[in-house]
Amino acid sequence: MNDVQRTWFRQARTEYTAASLVAEMTHWLIRLGVGPDLLVRATRVVSDEVRHATICRELYVHVGGDPGPVALNPRALAHADDPDAPTHLRAITAAGELACEESVALTVFRMRLENARDPMAREVCEVILRDEATHRVFAWDTLDALTALVGQEATRAWVRPRIAWWLRTYLGAKLRPVEPTFPPEDLAFGLIDRRAHWAAMRQTVEAQVLPRFQSRGLLEAEATPAMLIAELEALGGVPPGRSPPATA
Ligand SMILES: [Fe+2]
Ligand SMILES: [Fe+2]
């Protein structure tokens, strides 16, 4: 598989995973009795993500990928961070993580669209970029609705120790001194050079994600990415609230 094929193969899988996770969160939101407006929007996000998975797979085939079904990772298809927590707290975890992911996705797809020259790649990026903007609003609105349901204090007590973990992919990324770059013909299919990709994701976390937690009183104003990186390292790869796997 070449870089272009790998990018869109993985993106198809990521989109399908997003559909699965939001579907699971939607079930929790229904059980919690949140307002019907939010429920309708949640189901719309699920169908958007299924469509994203479909068009990313079509683009993968368009660039010479295997037309057979895309293999999924069943372990990634269920939200497992807080499996033993009560429904309202599992829903907060899912909404918080979704808010982080959708905020970063918006930046990434804006960059993909800037690079894309192939008409099909441009169309895929345009559709996804447009939808992710509404998904980002939905995710933060869901977190707000759950905060109203559970109370500010209890929400902060649950969210605050988890923020670094939710952002682990972006805070924990370690770049090599020299990262491979892509030729213009690959960028034309919406690829992004790795250094620019990671820098933009970090920048989004700092400029958009942390301030949104801060403005909601879920993260102290003086918190910095460096502080969260230190918290993440202290977790040692184990989600907050979970004990490390027992060693024999
Ligand atoms: Fe998506
Ligand atoms: Fe999305």
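**Q** Hey, could you run me through the overall build of the protein in this one?
**A** Secondary structure assignment for the protein yields ten helices and zero strands. Ordered by position from N to C terminus, the α and β elements of the protein give α-α-α-α-α-α-α-α-α-α. Against the 2.2 N^0.38 benchmark of 18 Å for 248 residues, the protein shows a C-alpha radius of gyration of 18 Å, consistent with a compact globule. For the C-alpha atoms alone, the extent of the protein along its principal axes is close to 50 × 45 × 45 Å. Across the 248 residues of the protein, 38% fall into the buried class. Long-range pairs, those at least 24 residues apart, make up 78% of the contacts in the protein between residues at least 6 apart in sequence.

**Q** Explanation requested: the packing of helix α1 (residues 3–32) against helix α2 (residues 36–62) in the structure shown.
**A** When two helices pack together, their arrangement is given by the angle between their axes and by how far apart the axes lie. Look at α1 against α2: their axes get within 8 Å of each other, and the N-to-C directions meet at 165 degrees. Classified by the angle their axes make, α1 and α2 are roughly antiparallel. Note on packing geometry: the crossing formed by α1 with α2 is left-handed.

Parameters and conventions
Residues numbered from 1 in each chain as written. Chains lettered and ligands numbered in written order. Predicted model: local features only at pLDDT ≥ 70, side-chain atom pairs only at ≥ 80, totals over all residues. Helix = DSSP H or I, 4+ residues; strand = E, 2+ residues; numbered from the N terminus. Rg over C-alpha atoms; globule rule 2.2 N^0.38 Å. Buried ≥ 20, exposed ≤ 12 C-beta atoms within 10 Å, placed from the backbone. Contact = placed C-beta atoms within 7 Å. Axes fitted to C-alpha atoms, helices over the stretch in contact; angles between N-to-C directions. Parallel < 35°, antiparallel > 145°, perpendicular 65-115°, else oblique. Left-handed = near helix turned anticlockwise from the far one by under 90°.

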